[in-house]
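One letter stands for each residue in the lines below.
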Amino acid sequence: MSESPTDTPARIPFWRNVKTIGIFFQLVFAAVMVALALVLVNNVVEALNRTNIPANFSFLPARAGVPIAETPIPYTPNDPYWRALLIGLLNTLRVAVIGVVLATILGVVVGVMRLSTNWVARQVATGYVELIRNTPLAVQIIFWFTAVLTVVPPLSSNPITLPGGMLVSNIGIAIPWLFPGYSFGQWLPWLIAAIVIGIGTWLLFRRRIAMSDRPARRAWPLALALFILIGGGSYLLIHSRTSMPENLALDFLVDRGRGSIFIDHDASGSMAGGEQPVPYAAVIMRIEEATLNATTSNVFESRRLNPSSFRFPFIRAGEVEDAQVSFAADEDAERFSVHFTAWPSRGIIYEDRNGNGEFDEGEDLNPETGRGFSGVSMVITVYNFERYVVADRDGQVRLPRFESASEAEAEAAPAAGGPSTGLFGLNLDATADTGAELDFTYELQHTGPLVWSTPVVSVSNYDGGIRFSTSYLAMLLALVFYTAAFMAEIVRGGVQAVARGQTEAAKALGLNASQTFSMIVFPQALRIILPPMISQYLNLTKNSSLAPLAAYGELFAISVIVANQTGASVPVTLMLIAAYVVISLIFALILNIVNARIALVER
Amino acid sequence: MGMIPAREPPAGTTGFTAWARHNLFGSVSSGIISVLLGAFMLWAVFSILNWTLFSASWEPLWNNMRLLFVYRYPPELLWRPLGVVGLVLFLLGLSAATSRRETGSIIRGVYWSMAGVSWIPTVIALFAWPSVRWLWLGASLAGLLGLLLGRALPRFGRSLPWLWGASIPATVLLLYGVWNSGPLQMVGTRLWGGFMLTLVLATVGIVASFPIGVALALGRRSTLPAIKYFCIAFIEIVRGAPLITWLFIASLMVPLIFNVGPEAIDPLVRGLVAITFFSAAYMAENVRGGLQAVPRGQSEAARALGLSGWQTMSVIVLPQALKAVLPAIVGQAIGLFKDTSLVFIVGLFDFFEIGRRVIPNQTASLQIPGGVYMEMSVFMTLIYFFFAYRMSIASRQLEKQLGVGER
């Protein structure tokens, strides 16, 4: 091989060397960026100095004074800003976690429906997906929040009671729920043991069965039986062996309708400083005779105007032996009659113009004004009111604010009596000196490690049960329906991507349609479905930031409030972005792990 | 030996019976689903019809149509936004008639649905809105004119890119105005709003984010670490937080960055800045996907032919990459169109904000039981759905035409 001088490339001058150009270009880029950043930061600093906007994080420990409707952890407006922001983050997680679970279920159902052989199911699913995906989430949120809200009856006119004790009204829903009672601490070790033994048994027997000659046997029934035996047995044992804590007492002001259950160390009957409230303790409260007042009005319910309505939403039929509704003024009693739509809590008044003693159409309207009779004072007298109340997280118990029926009966009210321990220490009967002229008695109840709490309405909010506000529900429903539409498409695509031969082979092996789907097609589709599904989980979490539209206090909404209140817009926005970027990174990490796992499975 | 005479097909294998047997009553469970779901859908359709025709109060909506679509744009200057509508319909018609490329049928589909729908307000205007009667008629006729002109003189097709390009300054000129008075007097952006603003935000957002997104995508694939990591950081941070936070930040930080008072910067500018950069980060990821899909051999062959780096990128790689991601970009346009509903954060009165707050507040005194929230959200759903759904159809057709996603 001969080398002619023309073959050797001339040395490239350094200014045309790609490397030099690259470095030079980067230096210029970096210089421009740094200069730009300096100018902007300088501007921001000057603007901050000029306007006295705080630019550090010193506001965080200051008193927030921000009222938040839903607080997963205890919070009062006296708590500092960082706690308010923490509650925002927790509320984001609260809507995101439940939303992800529900959206996945709905998304899979709709995705499978889109592939169904059933024409109706296919059309319904397609219509749902197209409608939801092509409408802004914001519109869907206000649809759920404002439009659906107007159809639900307001709390003040009696919530809908669903079977099982669930309450639905315009402030949200309340669901009966189990809470840890005072003996939960004793049960907890047993519960943990039961879970550990259950899972351990399952894992152990699953391996054994897999290696045995009968691999079709299942390991979970034995594990579940063990779990129920240990967990349930210890529960019953603790329930029967333990008694109520000594000195458990109720400090209740019946005329104010509130009080708390606590450990009465000094046996004073009232809660002094240092005495701890007991959460989720149960008590039966009784009032012999009492009254509540209401005035009639023309109320909007479910987009309808209901004229001349009176409402006693705090009393339900099963809680009273008898109840009588009367008019406060004599002339009203002569003029009007009462017609119940739901005894004793809901009804209307009317003028019996034709004298037939029954309510007829139009008799609830004033012929002069064409409107209903509003502002008529009504009184309900209840006899032998009895309610089982479970204290809340802070040991608080509430009752409607009853008034005494009459002076005469008030004088007959019994004197004070401290709590007395009954035989076996199980029942405590007591009459409290309430200071009111009401015949009020209570009976603290012995409960097991778990307390079943059914929601009731006693003031302007639900008591007991687990409660979800309308804001939360609107966000949850909108996010679930919106994200599920995208998930349905992912599921459909994933299932369609599984090779046809797989289905055919499964059929040829004699598997039926559901076996083919659940054992052959779906596990393979899952590999394709999972990664985009995780991005949808992230999308749902990020989309929860539209919460201000539904007045739900999550991270973004509370950050906006804090930024507006303190003026510390720069630190708050930095924290906000950091929080969301961290959430995104966590999801990216999960995605990478899942991708790695899937890749391993494929080989 | 004659042939066996043709017989009727066995009963229940053709026609509706067979279809129903296969699609509705394939099995017992399928039959149950058909009946239950069918009954539910019938009930739903019946209740929606009943509500629409009898219990809904459409009057507040009807009386506030102008507010919803153009907000406080001066009524005597409405010929300008409607002129833009006419211009776009005209150009669409021209494109539909002259496009000879594979995407021609898609453009024709878009044209026919847009031109067709424009006749709904035109007919309503002819009967009920005397002030814009002839303007709507003109706009709709401009669409037809464009189509006819394109059919008669197909050579217009070659100048279409220029015409579309020229329509952008023309639109700005028409909507914003030039002088202090006269027919082209300036209309401040504070008077802009309604659906007009929604379309402006979505269009400017997607158009302005395109070059930034391409630059970011190229930067992310660059071999120069400084540029590469800057682009990665920008894309990931912007995509990491939701749009609503960027809008919030834009409303707080843009005045600080320029060291001016909070009122000095037009809310439209703040909204556009946030939307554009947010959209650009997503655009960058879409374009990057396209760039990755272009085989290495393409750029190597181009370099072997002696094309420079810029030429390789702009003539060989980018066209192929963009073609591959066109459906994804349309998908992003749909997302952006829907996301413009969040600009209430910067204090703009777009279509959504007017439907959500302005009209319900204005009609509160009418004491309609339950307010007009349901009516407003149904109407907004219809409008958003029409445009977004039309785009998603186009995106699907593009996907098919360009053979993207086929193996």
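Residues numbered from 1 in each chain as written. Chains lettered and ligands numbered in written order. Predicted model: local features only at pLDDT ≥ 70, side-chain atom pairs only at ≥ 80, totals over all residues. Heavy atoms only, no water.

Student: Looking at this structure, how should I read the domain arrangement of chain A?
Tutor: Accessible area lost upon the coming together of the parts serves often as the stated size of an interface. Domain boundaries in chain A define domain 1 (5–50), domain 2 (81–134 + 470–598), domain 3 (184–241) and domain 4 (255–444). Domain 1 of chain A and domain 2 of chain A are separated by 42 Å when their C-alpha centres are compared. (Domains from an automatic or database assignment.)

Student: Teacher, can you tell me more about the packing of aromatic side chains here?
Tutor: Think of a pair of aromatic rings as described by two things: how far the centres are apart, and how the planes are tilted against each other in angle. Residues and elements named next belong to chain A. According to the stated counting rule, one finds 45 aromatic pairs over all chains in the structure shown. On the numbers, 5.8 Å between centres and 80° between planes, the contact of Phe310 with Phe340 is edge-to-face. Placement of Phe310 in strand β9 (residues 304–311) and of Phe340 in strand β11 (residues 336–342) is noted, with a sequence separation of 30 residues between them. The exposure class of Phe310 is buried, given its relative accessible area of 0%. (Phe/Tyr/Trp six-rings, centres within 6.5 Å; stacked < 30°, edge-to-face > 60°. Helix = DSSP H or I, 4+ residues; strand = E, 2+ residues; numbered from the N terminus. Buried < 20%, exposed > 50% of the residue type's maximum accessible area, 1.4 Å probe, protein only.)

Student: I tried to follow the packing of helix α12 (residues 555–566) of chain A against helix α11 (residues 243–257) of chain B on my own but got confused; where do I start?
Tutor: Relative orientation and spacing of two packed helices are given, respectively, by the angle between their axes and the distance between those axes. The interhelical angle for the contact between α12 of chain A and α11 of chain B, taken along N-to-C directions, is 10°, at an axis separation of 11 Å. Between α12 of chain A and α11 of chain B, the crossing angle belongs to the class labelled roughly parallel. Of the residues in α11 of chain B, those in contact with Phe556, Val560 and Ala563 of chain A of α12 of chain A are Ile244, Thr245 and Phe248 of chain B. Residue composition of the contact of α12 of chain A with α11 of chain B, grouped by class: five nonpolar, one polar and no charged. (Axes fitted to C-alpha atoms, helices over the stretch in contact; angles between N-to-C directions. Parallel < 35°, antiparallel > 145°, perpendicular 65-115°, else oblique. Contact = heavy atoms within 4.5 Å. Nonpolar A, V, L, I, M, F, W, Y, C, P; charged D, E, K, R; others polar.)

Student: Help me understand the environment of His239 of chain A in this model?
Tutor: All names here are of chain A. Mapping His239 onto the fold places it in helix α6 (residues 220–241). Under the relative-accessibility criterion, His239 is labelled partly exposed at 32%. Considered as a pair, His239 and Thr447 are 208 residues apart in the sequence and their alpha carbons are 7.0 Å apart. Side-chain polar atoms of His239 contact the backbone nitrogen of Gly448, separated by 3.0 Å. (Polar contact = N/O pair within 3.5 Å; in protein donor to acceptor, adjacent residues only side chain to side chain.)

Student: Explanation requested: the nonpolar core in the structure shown.
Tutor: Nonpolar side chains tend toward joint burial in soluble globular proteins. Counting 164 residues, the largest nonpolar core has Tyr73, Trp192 and Phe352 of chain B as the members making the most contacts within it. With 16 residues, the single largest contributor to this core is helix α9 (residues 470–497) of chain A. Of the domains in this structure, domain 1 (5–50) and domain 2 (81–134 + 470–598) of chain A are the two that each give at least three residues to this core. In this structure, Phe352 of chain B is in contact with Ala138, Val139, Ile142 and Leu549 of chain A together with Ser341, Phe344, Met380 and Tyr384 of chain B, ignoring residues within four places of it in sequence. Leu292, Ala323, Val397 and Leu444 of chain A belong to the second-largest nonpolar core, a separate cluster that totals 40 residues. (Core = buried A, V, L, I, M, F, W, Y, C linked by side-chain atoms within 4.5 Å.)

Student: Whenever I open this one, helix α12 (residues 267–293) of chain B confuses me. Can you help?
Tutor: One turn of the α-helix equals 3.6 residues, which is why residues spaced by three or four share an orientation. A rise of 1.5 Å per residue sets the reference length of α12 of chain B, with its 27 residues, at 39 Å; its end C-alpha atoms lie 39 Å apart and thus fit the reference within 8%. Its side-chain oxygen at 2.9 Å from the backbone nitrogen of Leu268 of chain B, Asp266 of chain B defines the N-terminal cap of α12 of chain B. (Expected span 1.5 Å × (residues − 1).)

Student: Help me understand the sheet that holds strand β12 (residues 346–351) of chain A, please; the structure alone is not making it clear to me.
Tutor: Sheet strands line up and pair through hydrogen bonds in the backbone, either parallel or antiparallel. All names here are of chain A. One open sheet holds the four strands; their spatial order is β8-β9-β12-β11, and the pairing between them is antiparallel. The open sheet has two edge strands, β8 (297–301) and β11, and neither has a second partner. For this sheet the average axis-to-axis angle between neighbouring strands, irrespective of direction, equals 55°. Bridge count between β9 and β12: three bridges; the pairing is antiparallel. Note that in β12 the partner of Arg311 across the bridge is Arg346. (Pairing = 2+ DSSP bridges.)

Student: In this structure, what is going on with the pairing of strand β13 (residues 377–390) of chain A? I would like to understand it.
Tutor: Residues in a regular strand point their side chains to alternate faces of the sheet. Residue and element names in this part refer to chain A. Note: strand β7 (residues 282–295) against β13, 13 bridges, orientation antiparallel. If you follow Thr291 over to β13, its bridge partner there is Thr381. Inspection of the sheet shows strand β10 (residues 322–327) paired to β13 by six bridges, in the antiparallel sense. Bridge pairing in β13 places Asp322 opposite Tyr383.

Student: Could you clarify how one ought to interpret the pattern of salt bridges in this entry?
Tutor: Once their charged atoms are close, side chains differing in charge can pair, the charge on each being opposite to the other. The final tally for this structure, using the stated rule, is 20 salt bridges over all chains. Across the salt bridge formed by Arg316 of chain A and Glu319 of chain A, the nearest N and O atoms sit 3.9 Å from each other. Among the residues examined, Arg316 of chain A registers a relative accessible area of 28% and is labelled partly exposed. Residue classification places Glu319 of chain A among the buried residues on the basis of a relative accessible area of 10%. One salt bridge connects Arg500 of chain A with Glu504 of chain A, and the closest N-O pair in it is separated by 3.4 Å. Of this pair, Arg500 of chain A and Glu504 of chain A both sit in helix α10 (residues 500–508), four residues apart, roughly one helical turn. Taken together, the salt bridges that share partners define one network made up of Arg220, Glu236, Glu285 and Arg288 of chain B. (Salt bridge = Lys/Arg side-chain N within 4 Å of Asp/Glu carboxyl O.)

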